[in-house]
Amino acid sequence: MTSLSPHKKAKALKPSSRRPAKELCSECGLCDTYYIHYVKEACAFINQQIDKLEEQTHTRSRNFDNSDELYFGVHQDMMAARKKQPVPGAQWTGIVSTIAIEMLNRGIVEGVVCVQNTKEDRFQPMPIIARTPEEILAARVNKPTLSPNLSVLEQVEKSGMKRLLVIGVGCQIQALRAVEKQLGLEKLYVLGTPCVDNVNRAGLQKFLETTSKSPDTVVHYEFMQDFRVHFKHEDGSTETVPFFGLKTNKLKDVFAPSCMSCFDYVNSLADLVVGYMGAPFGWQWIVVRNEQGQQMLDLVTDQLETGPVMSKGDRTAAVQQSIPAYDKGVTLPMWAAKLMGVVIEKIGPKGLEYARFSIDSHFTRNYLYVKRNHPEKLDSHVPEFAKRIVEQYKLPE
Ligand code: FAD
Ligand code: SF4
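This text gives an overview of the structure that appears in the document. (Residues numbered from 1 in each chain as written. Chains lettered and ligands numbered in written order. Predicted model: local features only at pLDDT ≥ 70, side-chain atom pairs only at ≥ 80, totals over all residues. Heavy atoms only, no water.)

## Describing the side chain of Ser212
- Relative to the helices and strands, Ser212 is located in the loop between helix H8 (201-211) and strand S6 (218-223).
- Filtering out sequence-adjacent residues up to four positions away, Ser212 remains in contact with Phe207, Val218, Phe231, His233 and Glu239. (Helix = DSSP H or I, 4+ residues; strand = E, 2+ residues; numbered from the N terminus. Contact = heavy atoms within 4.5 Å.)

Structure representation (structure tokens):
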């Protein structure tokens, strides 16, 4: 007689039940499965263990004395890239979807965990295990909302699948890495994106309504390297709003508490990370964390134009000034915000320095959030690398 693994005796939580991480829950999906059995160890918001999981995944944790590793995590290569023929409708040029499709087409994996949207709502996430290129393509473009990607993990084990690719953001991948050995897989590949300032569906509505002139027609948006939010509308038009013109007083409560307490912006535990913020405007930014990540990237290099990463400017003064401004919810008049946007785009940080600007601004904000709202968690929840980054700045009480 075969005995059940312990997690199979556990029961997924009902959608309406309060999650173990309480208000910090990022709805990663783990608790929608019997892997909830491991939640106390696996949840990114209950048990922060990035250094241990870095060692498990990449054979070593990041080297704090190397400033690129301190910021961007363990890696063996970094570059700027874009698809020679972009995937229509992708968030950027579709490198993520293209890698996933190649892995499936070549039989390297049998399925891909990714997230489509529901028929009724283009921003309502619907995680799936894709088994065809069409299903992967239908998951392209960001769902800028908390997404329970791991909710499909039970189906993976039940399907008997042995080789799997998971696409996901940091909190999902932290929990995934913690239960990886329980999934019964022979091979797990992880393709990550950076992630920051995510929201629940209601928060997204508020963000769109306070920021865009036409919230109902927004198809996707991105906080870009030119210090503007770019909204793409149904008719193909683009609307830009300078960061400094955002109504921070109204938007303060929009971001999910999980995202206000997250320090894994760069998805430290993925094999390969595809974002944009360390690359010049219009390009994507690729971080190869380990050999498996390199193998994944090799599958598509003939479809990419690539270039080196660069770094220009000095972010520190801009970050220091942004800390009290955000804290007090200061909003500039639109003319001043536009002017500031133009000036900072000309002389401001570029390439990796822009990525550091974004990391510093978010880590200092999040550090203050945890300190004020969950002081008992501050020491254990903030990873050592993030403490070192935050220490560079003077924070208000
Ligand atoms: P596509 O080919 O369009 O594929 C996108 C993939 O993302 C799909 O496979 C889909 O399954 C997955 N996905 C979509 N929404 C979610 C979600 N909510 N949770 C998990 N997976 C999802 N990059 C930066 O450099 N800096 C940032 O600040 C940043 N913020 C981000 C915030 C969010 C909420 C998300 C989801 C991504 C963010 N990214 C950020 C990554 C970036 O926007 C692009 O997703 C990335 O560069 C890939 O682009 P692509 O065209 O190759 O992706
Ligand atoms: Fe569960 Fe994930 Fe929420 Fe943590 S973040 S409580 S693991 S659903």
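Don't stop here, the text continues.
## Observations concerning the sheet that holds strand S8 (residues 238-242)
- Taken in spatial order, the three strands make up an open sheet running S6-S7-S8, and their pairing is antiparallel. Two strands close off the open sheet at either side, each with one partner strand: S6 and S8. Direction aside, the axes of adjacent strands within the sheet are offset by 20° on average.
- Lying over the sheet, H8 contacts S6, strand S7 (228-233) and S8, oriented at roughly 85° with respect to S6. (Pairing = 2+ DSSP bridges. Axes fitted to C-alpha atoms, helices over the stretch in contact; angles between N-to-C directions.)

## A word on the nonpolar core
- Phe72, Leu164, Leu176, Met277, Trp285, Ile359 and Phe363 are the most contacted members of the largest nonpolar core, which totals 95 residues.
- If sequence neighbours within four positions are ignored, Leu176 has contacts with Leu150, Leu153, Val166, Leu183, Leu188 and Val190. (Core = buried A, V, L, I, M, F, W, Y, C linked by side-chain atoms within 4.5 Å. Buried < 20%, exposed > 50% of the residue type's maximum accessible area, 1.4 Å probe, protein only.)

## Some details on the site of ligand 2
- Contacts to ligand 2 come from Arg19, Pro20, Ala21, Cys25, Ser26, Cys28, Gly29, Leu30, Cys31, Val39, Cys43 and Phe45.
- Tallied by class, residues from the shell around ligand 2 come to nine nonpolar, two polar and one charged. (Near = heavy atom within 4 Å. Nonpolar A, V, L, I, M, F, W, Y, C, P; charged D, E, K, R; others polar.)

## Here's the deal with the pairing of strand S10 (residues 284-288)
- With five of five residues buried, S10 is to be regarded as a mostly interior element.
- Residues Gln284, Ile286 and Val288 of S10 are buried on one face, and the alternating residues Trp285 and Val287, pointing to the opposite face, are buried as well.
- For strand S1 (residues 77-83) and S10, the ladder comprises five bridges, and the chain directions are antiparallel. When the bridges of S10 are listed, Ala81 appears paired with Gln284.
- Across four bridges, the pairing between strand S9 (residues 272-275) and S10 is antiparallel. Each bridged residue has a counterpart across the sheet, and for Gly275 the counterpart in S10 is Trp285.

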